[in-house]
Amino acid sequence: GLTINSVMDYPGVNIPLQGEAKGNYHSPSIGPYDYWAVAYAYSQFPAETEKAELDKIASRSTEPALAFADDADLSMGVDPNANLWDLSSDPLDFYQRRLKVSQELWAHLSTRQAKLGDDPQRTRRSLNSGFNQLFGAVFGLSKYVGGMHTVRDLPGTTGRPNYQAMNPAKQRQALQFVTNGLFKSDSFKFSPTLLTHLGTDNNEWDRAGPLSIAGRVAGIQNMALDQLMNARTMNAILDLPQYLAPEQRKGIISVSEVFSTVQGAVWQELATGSDTDRMRRNLQREYLRRMTATITRGGMPGDAQAIARVQAQSLQAQLQRAVAKPGKTSPEHQAHLKDSLNTLTEALKATMSKTG
């Protein structure tokens, strides 16, 4: 059955994929951490043995089921295993499954017929709930890039390292899922029939109008860009080699790899000469906004800023070729290419502010 570590955890809802066996949506009992905490707080021992017995209970803190993280670990920590709203010993797998759950929900909504007595907001709420699942996925997945597994062992207890770099393969898998699963328009397909039947609350003056799918997708993608292209992530990647023995440093993820992977995924159409839709153009504009800020305003570590400039120059050359040979693409796409090239060229001409 479904078990979580503690009632003080913030687990996701246990929703199986289509065809999988159904279990409990929520844990039906308290978890091992709760039993452990109650045992320490309320067990009664003779005065002469109390300290030794309590120390014995406390010594179990290194057991995997008793792992602990607080709010600071969640929001500012580097361990992708410390999250809100996940439900797995493998968060990477859980978040990838979450996109599939959302897509199955959206497919179901497209075929479900409205019934008399339905809440007019039901379908809109359900569609939005699929998007809401993905914000937590973006935050959790991005923590893998440059991430470290952390433990709270007391000195002299286990000898385990307090910080251990995440497996490079896991880091790359997370990065690839964000750039392939969440950056592609194909991940967010909705039938016009579904969108035209989304209800609104006609009792409200400031009522909701037609739902902007492009706007919802942009919110998720912008968060992903912010998480992957910020100074904190860049510093974490640059610091990783210091935590590894020389023989372990081969094959680790680098700032150059992250920038080139993100840029290649965002501007994939430049390599194929294909057209772009509105969601892809929005993503590319947001990437440009962050890239130009990186190379002109500072705030990034110096090495990351230098790599960003090299990437920007490569993108500039690609845009120049695409503008010169636009092919049979839409006027919106061609205007977008010219505007993007102008924006990037002006940024590269600007004076660069360097940081350490």
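Residues numbered from 1 in each chain as written. Predicted model: local features only at pLDDT ≥ 70, side-chain atom pairs only at ≥ 80, totals over all residues. Heavy atoms only, no water.

### Let's talk about the environment of proline 32
This is how the line gets drawn: Each helix corresponds to a stretch of at least 4 residues labelled H or I by DSSP, and each strand to a stretch of at least 2 residues labelled E; elements are numbered beginning at the N terminus. In what follows, residue pairs with any heavy atoms lying within 4.5 Å of each other are defined as contacts.
When you line up the elements, proline 32 lands in helix H1 (residues 32-42). Taking the C-alpha atoms as reference points, proline 32 and leucine 66, separated by 34 residues in sequence, lie 6.9 Å from one another. Apart from residues lying up to four places away in sequence, proline 32 is in contact with Thr3, Ile4, Asn5, Ala65 and Leu66.

### What to know about a nonpolar patch on the surface
The test is simple: Residues with no salt bridge and a relative accessible area higher than 30% make up the patches, which join like charges within 9 Å and nonpolar side chains (Val, Leu, Ile, Met, Phe, Trp, Tyr) within 5 Å. Per-residue and other accessible areas were derived by the Shrake-Rupley procedure at a 1.4 Å probe size, with only the shown protein chains allowed to occlude residues. One speaks of a salt bridge when a side-chain nitrogen belonging to Lys or Arg is within 4 Å of a carboxyl oxygen belonging to Asp or Glu. Type-normalised accessible area, obtained with a 1.4 Å probe on protein chains alone, sets the label of each residue: buried when under 20%, exposed when over 50%, and partly exposed for intermediate values.
Residues Val7, Met8, Ile30 and Tyr35 make up a contiguous nonpolar surface patch of about 450 Å² in total accessible area. Assignment of secondary structure puts isoleucine 30 in the segment before H1. Its relative accessible area of 36% is what places isoleucine 30 among the partly exposed residues.

### Here we look at unusual backbone geometry
We note that tryptophan 85 has phi near 65 degrees; this positive angle belongs to a residue other than glycine. Assignment of secondary structure puts tryptophan 85 in the loop between helix H3 (71-76) and helix H4 (91-111).

### Some words on the pattern of salt bridges
One pass over the full model with this rule turns up 16 salt bridges. A salt bridge links arginine 290 to glutamate 286, with the nearest nitrogen and oxygen atoms 2.7 Å apart. Taken together, the residues arginine 290 and glutamate 286, both in helix H12 (residues 278-296) and 4 residues apart, mark about one turn of the helix. Residue arginine 290 shares its accessibility class with glutamate 286, and that shared class is buried. A single network of salt bridges, built from pairs that share partners, joins Asp226, Glu286, Arg289 and Arg290.

### A short note on the confidence of the model for the protein chain
To keep things clear, this is the line we draw: Each residue carries a pLDDT score, the predictor's own confidence in it, on a scale running from 0 to 100.
On average, the protein chain scores 93 in pLDDT, and the residues at 70 or more come to 98%. For the protein chain, the element scoring lowest by mean pLDDT is H3, at 88; helix H10 (residues 255-266) scores highest, at 98.

### Quick notes on the packing of aromatic side chains
Put simply, the test is: Each aromatic pair joins two rings of Phe, Tyr and Trp (for Trp, the six-membered one) with centres within 6.5 Å, and gets the label stacked for planes under 30 degrees apart, edge-to-face for over 60, and tilted for any other angle.
Overall, the coordinates contain 10 aromatic pairs when judged by the stated rule. Relative to tryptophan 36, the ring of tyrosine 33 has its centre 5.4 Å away and its plane inclined at 75 degrees; by these criteria the two rings are edge-to-face. Of the two residues, tyrosine 33 and tryptophan 36 are both situated in helix H1; the distance of 3 residues between them amounts to about one turn of the helix. The partly exposed category is assigned to tyrosine 33, whose relative accessible area is 23%. Look at tryptophan 36 and you get buried, because its relative accessible area is 13%. Following the ring pairs from residue to residue traces out a cluster consisting of Trp106, Phe131, Phe188 and Phe190.

### Let's talk about helix H14 (residues 331-349)
The following threshold applies: Residue count minus one, scaled by 1.5 Å, sets the expected span of a helix. The arc in question is formed by the directions pointing from the helix axis toward the C-beta atoms.
For H14, which comprises 19 residues, the first-to-last C-alpha distance of 27 Å matches the rise-based estimate of 27 Å (1.5 Å per residue) to within 8%. If you check which residues of H14 are buried, you get His333, His336, Leu337, Ser340, Leu341, Leu344, Thr345, Ala347 and Leu348. Buried residues along H14 cover an arc of 160 degrees about the axis, so they all sit on one side. In H14, the exposed residues that point more than 90 degrees away from the buried face are Pro331 and Lys349. Residues of H14 that are buried in the fold lie against helix H11 (268-272), H12 and helix H13 (302-324).

### Structural notes on the packing of H4 against helix H6 (residues 168-182)
The line we're drawing: In this description, a line fitted to the C-alpha atoms serves as the axis of each element, helices being fitted only across the stretch in contact, and the angle between N-to-C directions of two axes falls anywhere from 0 to 180 degrees. The cut-offs work like this: below 35 degrees is roughly parallel, past 145 is roughly antiparallel, 65 to 115 is roughly perpendicular, and the gaps in between are oblique. Gly is placed with the polar residues, together with every amino acid not listed as nonpolar (Ala, Val, Leu, Ile, Met, Phe, Trp, Tyr, Cys and Pro) or charged (Asp, Glu, Lys and Arg).
Contact geometry of H4 with H6 gives a least axis separation of 11 Å together with a crossing angle of 10 degrees. Put simply, H4 runs roughly parallel to H6. Residue-level contacts link Leu92, Tyr95, Gln96 and Leu99 of H4 to Lys170, Gln173, Ala174, Phe177, Gly181 and Leu182 of H6. For the contact of H4 with H6, a count of residues per class yields 6 nonpolar, 3 polar and 1 charged.

### Observations concerning the nonpolar core
One recurring pattern in soluble globular proteins is that nonpolar side chains are buried together. Rule in force here: Here, the term nonpolar core denotes a set of buried Ala, Val, Leu, Ile, Met, Phe, Trp, Tyr and Cys residues that are joined through side-chain atoms within 4.5 Å.
One finds Leu127, Phe131, Phe183, Val262 and Tyr287 to be the most contacted residues of the largest nonpolar core, which totals 68 residues. Counting residues per element, this core draws most heavily on helix H8 (residues 213-228), which supplies 7 residues. Here phenylalanine 131 is in contact with Trp106, Phe188, Phe190, Ile213, Arg216, Val217 and Ile220, once residues within four sequence places are set aside.

### Looking at the environment of aspartate 275
Put simply, the test is: Between N or O atoms, a polar contact is any pair within 3.5 Å; within protein, one atom must be a potential hydrogen donor and the other a potential acceptor, and residues adjacent in sequence are included only when both atoms are from side chains.
Structurally, aspartate 275 is set in the loop between H11 and H12. It is 6.4 Å that separates the C-alpha atoms of aspartate 275 and histidine 333, two residues lying 58 residues apart in sequence. Contacts of aspartate 275, omitting those with residues within four sequence positions, involve Glu269, Thr329, Ser330 and His333. In terms of polar contacts, aspartate 275 uses its side chain to reach the backbone amide nitrogen of serine 330, at 2.9 Å.

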